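Per-entry structural report
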Amino acid sequence: MNTSQIIQNTIDFVKQTLRNAEGGHDYFHIERVYKNSLTIAENEKRADLLIVSLGALLHDIADSKFHNGDETVGPKVASKFLMSQNVDSKTIEHVKNIIENISFKGGNFKQEFKSIELDIVQDADRLDAIGAIGIARCFNYGGFKNRALYDPEIEPNLNMTKEEYKKSDAPTINHFYEKLLLLKDKMNTDTGRRLAIERHKFMELFLNQFLNEWNAKN
């Protein structure tokens, strides 16, 4: 099976698997990450495009937050699918490593694996968490979890452990300070850093406007 057919089969598989997913983690999220991954890879010029493509398309195939925190589901689902496509074991292992190491996890998670392909897909995933799309996804997920928009008495916690981060039910605005505003400086590639700047500025403008309206500073 040629590379283009494997990628198309993967797209079809992801679309079907995520057809009823929460709006911020649906196929359209995957598609944006996939496209941004290819954009970054084109500028970096030193990555395996098949691994980048498969890593981007499968990175959220079974997000642990929708599987009772179980981080083993995603890699297992991805591995089983890729084996059905006769993808070589080395590529499958690399894609599994991307899935296992891509998440923010409170910012205190130490990656056990490094590669330019992971750097690229991680940057693309982080880009989709910031800017206008990031704001929309953040509030969509907050609504999905029935979280408060904002509570001035609950301050952001910038020193959460991985487990505390996973279990947090803090107001949605806190998530900007606990994760989203931190991502610009955590980009791995020059292209990722460049693309993050404008999106970061947009979030700062949004938060300034939000807090002015919240406090009736018209």
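No experiment lies behind these values; they were computed from the predicted model shown. (Residues numbered from 1 in each chain as written. Predicted model: local features only at pLDDT ≥ 70, side-chain atom pairs only at ≥ 80, totals over all residues. Heavy atoms only, no water.)

**Thoughts on unusual backbone geometry**
Going by this rule: Secondary structure elements are defined from DSSP: runs of H or I of at least 4 residues count as helices, runs of E of at least 2 residues count as strands, and each element is numbered from the N terminus. Here the term buried applies to any residue with accessible area under 20% of the maximum for its type, exposed to any over 50%, and partly exposed to those in between, with areas from a 1.4 Å probe on protein chains only.
Non-glycine residue N146 carries a positive phi angle of around 60°. One can find N146 in the loop between α7 (131-144) and α8 (162-167). In the Ramachandran plot, A216 falls in the positive-phi region, its phi being about 55° despite a non-glycine side chain. Take A216: it is sitting in the segment after α10 (190-214). For A216, a relative accessible area of 54% corresponds to the exposed category.

**Some points on the side chain of E178**
For the record, the criterion: In the analysis that follows, any N or O atom pair within 3.5 Å is treated as a polar contact, provided that within protein one partner can donate a hydrogen and the other can accept it, and provided that, for residues neighboring in sequence, both atoms belong to side chains.
Within the secondary structure layout, E178 lies in helix α9 (residues 172-178). Within polar-contact distance, the side chain of E178 engages the backbone nitrogen of N157 at 2.9 Å.

**Side note on helix α2 (residues 27-44)**
We apply this condition: Here, expected helix span is obtained from the residue count minus one, scaled by 1.5 Å. In what follows, residue pairs with any heavy atoms lying within 4.5 Å of each other are defined as contacts.
Here α2 spans 25 Å end to end across 18 residues, near enough to the 26 Å set by a 1.5 Å rise per residue. Taken together, the buried positions of α2 are Y27, H29, I30, V33, Y34, N36, S37, I40, A41 and E44. Those residues of α2 hidden inside the fold are in contact with α1 (3-17), α3 (49-58), α6 (116-127), α7 and α10. Positive phi shows up at K45, right after α2, with a value of about 60°.

**Examining the side chain of T172**
Mapped onto the secondary structure, T172 falls in helix α9. Those residues within four positions of T172 in sequence are excluded, and the remaining contacts are C138, F139, G142, R147, A148 and L149.

**Quick look at the packing of α2 against α3**
Rules: Angles here are taken between N-to-C directions and fall from 0 to 180 degrees, while the axes themselves are lines fitted to C-alpha atoms, restricted in helices to the stretch in contact. For classification purposes, an angle smaller than 35 degrees is called roughly parallel, one larger than 145 roughly antiparallel, one from 65 to 115 roughly perpendicular, and anything else oblique. Two helices crossing with the near one rotated counterclockwise from the far one by less than a right angle form a left-handed crossing, whereas a clockwise rotation gives a right-handed crossing. Charged means Asp, Glu, Lys or Arg here, nonpolar means Ala, Val, Leu, Ile, Met, Phe, Trp, Tyr, Cys or Pro, and polar covers whatever is left, Gly included.
α3 packs onto α2 with a crossing angle of 155° between their chain directions and a minimal axis gap of 8 Å. By the criterion of interaxial angle, the relationship of α2 to α3 is roughly antiparallel. In terms of crossing hand, the pair formed by α2 and α3 is right-handed. Contacts between α2 and α3 involve I30, V33, Y34, S37, L38 and A41 from the first element and L49, V52, S53, A56 and L57 from the second. A breakdown of the residues in the contact of α2 with α3 according to their chemical character gives nine nonpolar, two polar and no charged.

**Re the environment of K76**
If you trace the backbone, K76 turns up in helix α4 (residues 73-84). Taking C-alpha positions, K76 is 22 Å from D48, a pair spaced 28 residues apart along the chain.

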